[in-house]
Amino acid sequence: MSWLLPLLVALPATGALALAVWPRSSADRLGAMVGVAVAAATFAVSLLVAVLTWGRDGMRLESEAAWIPALDVWWRAGVDGISLPLVLLTTLLSLLCMVALLWERPERVRALVLSLLLLETGVLGTFVVLDLVLFFVFFEVVLIPMWFVIADWGDRHDPAGRRRAATVFLLLTVAGSAVMLVGFLVVHAHTGTFDMVELAERGGLGMSTQVQVLAAAAIGLGLAVKAPMWPLHIWLPDAHGKAPTVGSVLLAGVLLKMGTYGFVRIWVPAVPEGAQALAPYLACLAAVGIVYGSFACLAQSDLKRLVAYSSVGHMGFVLLGIATLTPVGLNGALVANIAHGLITGLLFFLAGALKDRHGSAELTAIGRGLYARSPRLAAVLAVTAMASLGLPGLAGFWGEMLTLLGAFDPAEALPRATFLACMVAGGVGAVLTAAYFLHVVRRLCQGEPETAPAEASTRELATWSPLLVLTVVLGLAPGLLLTITDPAVRLLLGGDG
Amino acid sequence: MSTVQAIDWAATAPLLAVAVTAVVVLVVDAFTHHPRWAGLLSVLGLAVATVSVLPLVGDDRATFCLPDGRGCSFVVDELTIGFWVVVLAGTLLTVMLSAVGAIDDRVPTGEHHFLLLCSAAGALAIAGARDLATLVIALELVSLPAFALVGLKRGDRRSAEAALKFFLVSVVATAVMLYGISLVYGVTGSMHVGGIRAALADGAEPAGVLAIGVVLSLFGLLFKVAAVPLHGWVPDTYVGAPPAVAAYLSVVSKAAGFVALLVLLSRAFGEYGEVWGPILAAVAALTMTVGNVLALRQRHAVRLLAWSSVGQSGFMLAPLAVVADGRAEVSGAAAEAVLAYLLIYSVVNLGAFAVVAAVSRHRPAGAISDYQGLVRRQPWAGVGLAFALLCLAGLPPGIAGLFAKVVVFESVVTGGLGWLAVVMAVNVAIGLAYYVRWMAVVLGPVGEDSASPEVHPAVAAAIGATLVAAIGLSVVPSAVLGLLG
């Protein structure tokens, strides 16, 4: 029994609670500072978790306690190579967001920090719990805080639009996760357990193929809304476009990962026959998402929406990797997950910074010539865009390559021709991605400077630099990540990996 | 053989305590001119009733039995006690919301409390009733005072109209129910649930008549729980009545309908599950969908809560559709799901109505926009309402509401009604849309009206009690889950 993971989840929640009861008079001044302190403490705990578990196979730091015996719901938690990188990503991005708020000083910062801390609780909980019902609960925890973040602190020029975006996000996700709950209950009805580890070990034992397909469809639907998978992505462009910078960063950086993480942790091992039956469809939709995201990007004139659509494409790669049901594909998916969190998180920081300077994220409003006007910001933007389009040597490359490699040689039971077609579509998508990011770099960075310079401040650079450094490090040494994901993935897929 | 039945006074004590208090309140009110007495006496009576429940916990009792052992009319078991808790707590909170100065000044206090306690006595009786005649009489004892409660506001035409509408729909539903009961009695020759169950199991003929009788007997109860298509009275009645009465109708009176449905379906009509099971499933799906969709359009607080309570009824009806499942664990879980949902729903719905009662005292128009920034003007009322709405929606941090939904989903899924589970999933999203909209108003910035309304201490206590209970249930949901096991 280890208390580290309960502590990890409880820390941000306690911080949120403290802020809620803090006397109003001083709370707004202290809000951001409390946020930074709590997020830093959480980050420190997650580093401790990493130190204690790095390189060790299997579930670590497990804790277990009965919560609702009547429903067979247990607090079960643990980390392995699949969840650890996501936990670190979450605590890091949360900390950077809090630091960004320290400089930014939005209105009602206390309530915003409170929402972000609740959000962090939900995401961390989702990544460490090993009980299906608890997973569902934490999956839902993030919704209300995120709704407030978008609806209350979103786009200042469009109160009705940001409210609508927040509500569409909320309702689609809730409908999806309620269906996911139905899937979990179907699994429980046939196996008698909500324990993810036990379910993974059983590998679908006790469920007929038909039941597994049904459960996999229901569970997959809920996760696919979150991921998001085309055509369930419709909430995403608006939510990202209207959310404040910190909201977009966390939404893209970690919230989407809850969906893909669920696929890897639950969908693939717990209902394997169902996953096998549905994997070709998932692969096709993922491939459509990759191509669709790229084309949609080409048509965007708003930087934030563009990055949002690029997320649809990137998450398409992740889903394609998962659909291959091979160690290579799943590893690629997990690497792409982390890379997307770092790169897109950074892109949203940059887009937010540009939006603050120009009052709008429209490419025309930002204007040309960033290299001349603000060389440092432009350099970071160019590097990040290159990382996002999958330039070798940066983090974005490895995930996409492994994913396509996985699609080239999917699990034996899967139709290879379909996956080859998906792989080709993915390749085309990757080329289109290159096209639109190069287009953006050309539009924004090059050319004659049009408007007044607005260089990135040292504070901003300090906030962005961890993400930038990690993008380069993971690009040069993907083995760092793969050494811990690979054993966990092979364990998950059983002997046939 | 003696024809005089032995009466177990201890088993009927809670109900008698409430009934006697009702009479005392009326008499005292007639001779004193101090309206506060009614409330204090009511609280006292409910406290006595609660204390008299305690010795009955964990001890199944039956009374008013037929001499030859063919059945008992009044039974106290886990289900009865679980439901008594809802009635007593719900009535107590209603009394708190009815305190002088908290309720509309045009409501005569003594009569109001008298009627309230009479109706509560009926609700207590329903939970123990195990024969059809007792059930109908208890049901009428709940309903008749309720009509008057709704229409008691002096000189308010809307109140009178609401009472009339309520009355007319109720009479029709009761008449149909009585017709159904007469058919059931005619074929089976028994009024007791055990006797009916035995007759049904033996294949009583003519089965067609019996099937019609069974379905029609459910009518009056479906009216009580505001199931579609017998829901039309709900919005107007809730809006016309004082908030305290609307709270009572949406919790105690509705709970009475649910416990009667539970008893009839699981203990008398189980054999005909194929007949009424699909009907109830369809009614549940319709009820939650109609209630939630119509709630979406509401701009009036009580009207919104009225439609939301129709929607919530749908969720409680859903497990009833599988309560006669042949597998014991499925039917048992379904009964538990109904009771757990009912308990949690009662707490949070009363909490929401308590805040509505506090606010509508100062802003009688009752628009949702009156709640703008409530959390800044009246922090506890605002937090109480926001938390209650989250629980009704079933989203964290309203974990209590979330698990209420989880148990219902579980019983429907294990019962094999996958399609109903999907309808429920969609309805969770629809419901959330209006709950979260209202919650955003409550938690949002203060609007033009920045005055902090004074909250009556009794109402404040009611808000606090429900909030504490809701938070408690969110931390320890197991307190109300699996009660009947």
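Residues numbered from 1 in each chain as written. Chains lettered and ligands numbered in written order. Predicted model: local features only at pLDDT ≥ 70, side-chain atom pairs only at ≥ 80, totals over all residues.

Considerations on the overall build of chain A
Piece 1. Tallying secondary structure elements over chain A gives 21 helices and two strands in all.
Piece 2. For 497 residues, the compact-globule estimate of 2.2 N^0.38 gives 23 Å, and chain A sits close to it at 21 Å.
Piece 3. C-alpha atoms of chain A, sized along the principal axes, occupy 65 × 55 × 40 Å.
Piece 4. Relative to its 497 residues, chain A shows a buried fraction of 64%.
Piece 5. Residue pairs in contact within chain A that sit at least 24 positions apart in sequence constitute 79% of those at least 6 positions apart. (Helix = DSSP H or I, 4+ residues; strand = E, 2+ residues; numbered from the N terminus. Rg over C-alpha atoms; globule rule 2.2 N^0.38 Å. Buried ≥ 20, exposed ≤ 12 C-beta atoms within 10 Å, placed from the backbone. Contact = placed C-beta atoms within 7 Å.)

What to know about the overall build of chain B
Piece 1. Of regular secondary structure, chain B possesses 19 helices and two strands.
Piece 2. For 485 residues, the compact-globule estimate of 2.2 N^0.38 gives 23 Å, and chain B sits close to it at 21 Å.
Piece 3. The principal-axis extent of the C-alpha atoms belonging to chain B is close to 70 × 55 × 40 Å.
Piece 4. Sorting the 485 residues of chain B into buried and exposed places 62% on the buried side.
Piece 5. Sequence separation of 24 or more characterises 80% of the internal contacts of chain B that already satisfy a separation of 6 or more.

Let's talk about the interface of chain B and chain A
Where interface size is given, it is often the accessible area lost as the parts come together that is meant.
Piece 1. The interface is formed by 26 residues belonging to chain B together with 24 residues belonging to chain A.
Piece 2. For the side of chain B that touches chain A, the secondary-structure elements that each account for two or more residues are α17 (399-414) and α18 (418-443) of chain B.
Piece 3. Take the side of chain B that touches chain A: its biggest share by element is ten residues, from α18 of chain B.
Piece 4. In terms of residue class, the side of chain B that touches chain A is made up of 21 nonpolar, four polar and one charged. (Nonpolar A, V, L, I, M, F, W, Y, C, P; charged D, E, K, R; others polar.)

Considerations on the pairing of strand β2 (residues 72-76) of chain B
Residues and elements named next belong to chain B.
Piece 1. Counting buried residues in β2 gives five out of five residues, a clear majority hidden from the surface.
Piece 2. Relative to β2, strand β1 (residues 61-65) runs antiparallel, the two being bridged by four bridges. Looking at the pairing, Thr63 lines up with Phe74 of β2. (Pairing = 2+ DSSP bridges.)

Describing unusual backbone geometry
Piece 1. Between Ala227 of chain A and the following residue, Pro228 of chain A, the backbone shows a cis peptide bond with an omega angle of -10°.
Piece 2. Looking at the element boundaries, Pro228 of chain A is found in the loop between α9 (209-226) and α10 (236-242).
Piece 3. Here the bond from Pro396 of chain B into Pro397 of chain B is cis, since omega is 5°, no more than 30 degrees from zero.
Piece 4. Mapped onto the secondary structure, Pro397 of chain B falls in the loop between α16 (379-393) and α17.
Piece 5. Located in the positive-phi region is Asp72 of chain A, a residue other than glycine, with phi close to 65°.
Piece 6. Residue position: Asp72 of chain A is located in the loop between β1 (60-68) and β2 (73-79).
Piece 7. On the neighbour-count criterion, Asp72 of chain A (16 C-beta atoms within 10 Å) is partly exposed.
Piece 8. Even without a glycine there, the phi angle at Phe64 of chain B is positive, about 55°.
Piece 9. Along the chain, Phe64 of chain B falls in strand β1.

Re the confidence of the model for chain A
Piece 1. Put simply, chain A has an average pLDDT of 88, and 97% of its residues get 70 or more.
Piece 2. Across chain A, the element-wise mean pLDDT spans from 81 in helix α15 (residues 363-366) of chain A up to 93 in helix α5 (residues 132-141) of chain A. (pLDDT = per-residue confidence, 0-100.)

Quick word on the nonpolar core
All names here are of chain B.
Piece 1. Formed by 413 residues in total, the largest nonpolar core has its most connected members in Ile126, Tyr341 and Ile344.
Piece 2. Here this core takes 24 residues from helix α14 (residues 328-360), the largest share from any one element.
Piece 3. Once you skip the residues sitting within four places of it in the chain, Ile344 turns out to touch Cys391, Ala400, Gly401, Ala404, Leu473 and Val480. (Core = buried A, V, L, I, M, F, W, Y, C linked by C-beta atoms within 7 Å.)

Brief notes about the environment of Ala247 of chain B
All names here are of chain B.
Piece 1. Looking at the secondary structure, you find Ala247 in helix α11 (residues 243-267).
Piece 2. Each C-alpha atom of the pair Ala247 and Glu329 lies 33 Å from the other, and the pair is 82 residues apart in sequence.
Piece 3. Leave out the neighbours within four places in its chain, and Ala247 touches Thr94, Leu97, Leu350 and Phe353.

What to know about the packing of helix α8 (residues 207-217) of chain B against helix α12 (residues 273-296) of chain B
Residues and elements named next belong to chain B.
Piece 1. Where α8 contacts α12, the axes come no closer than 10 Å and their chain directions differ by 35°. The element α8 and its partner α12 pack so that their crossing is right-handed. Along the contact surface, α8 presents Ala211, Val214 and Val215, while α12 presents Val275, Trp276 and Ile279.
Piece 2. Of the residues assigned to the contact of α8 with α12, the class counts are six nonpolar, no polar and no charged. (Axes fitted to C-alpha atoms, helices over the stretch in contact; angles between N-to-C directions. Left-handed = near helix turned anticlockwise from the far one by under 90°.)

Here's the deal with the packing of helix α17 (residues 375-388) of chain A against helix α19 (residues 416-445) of chain A
All names here are of chain A.
Piece 1. The interhelical angle for the contact between α17 and α19, taken along N-to-C directions, is 170°, at an axis separation of 9 Å. With respect to their mutual orientation, α17 and α19 come out roughly antiparallel. Contacts between α17 and α19 involve Ala378, Leu381, Ala382, Ala385 and Ser388 from the first element and Phe437, Val440, Val441, Leu444 and Cys445 from the second.
Piece 2. Looking at the contact of α17 with α19 residue by residue, the classes come out as nine nonpolar, one polar and no charged. (Parallel < 35°, antiparallel > 145°, perpendicular 65-115°, else oblique.)

Focus: helix α4 (residues 109-128) of chain B
Piece 1. The terminal C-alpha atoms of α4 of chain B, which comprises 20 residues, lie 29 Å apart, in line with the 28 Å expected from a rise of 1.5 Å per residue.
Piece 2. A large share of α4 of chain B lies buried, amounting to 19 of its 20 residues. (Expected span 1.5 Å × (residues − 1).)

Some details on the environment of Met98 of chain A
Residue and element names in this part refer to chain A.
Piece 1. Secondary-structure assignment places Met98 in helix α3 (residues 83-104).
Piece 2. In the structure, Met98 is positioned 77 residues away from Val21 in sequence and 19 Å away in space, judged by C-alpha atoms.
Piece 3. Met98 has contacts with Ala32, Gly35, Val36, Ala39, Val113 and Leu116, leaving out every residue within four places of it along the chain.

Points about helix α18 (residues 395-408) of chain A
Residues and elements named next belong to chain A.
Piece 1. Taken across its 14 residues, α18 has eleven buried, putting it largely inside the fold.
Piece 2. Within the sequence span of α18, burial applies to Ala395, Gly396, Phe397, Trp398, Gly399, Glu400, Leu402, Thr403, Leu404, Gly406 and Ala407.
Piece 3. On its buried face, α18 is in contact with α13 (303-323), α14 (327-358), α17, α19 and α20 (458-476).

Describing the environment of Leu391 of chain A
Residue and element names in this part refer to chain A.
Piece 1. Locating Leu391 in the fold gives a position in the loop between α17 and α18.
Piece 2. Owing to 16 C-beta atoms within 10 Å, Leu391 belongs among the partly exposed residues under this scheme.
Piece 3. When sequence neighbours within four positions are dropped, the list of residues in contact with Leu391 reads Met386 and Phe397.

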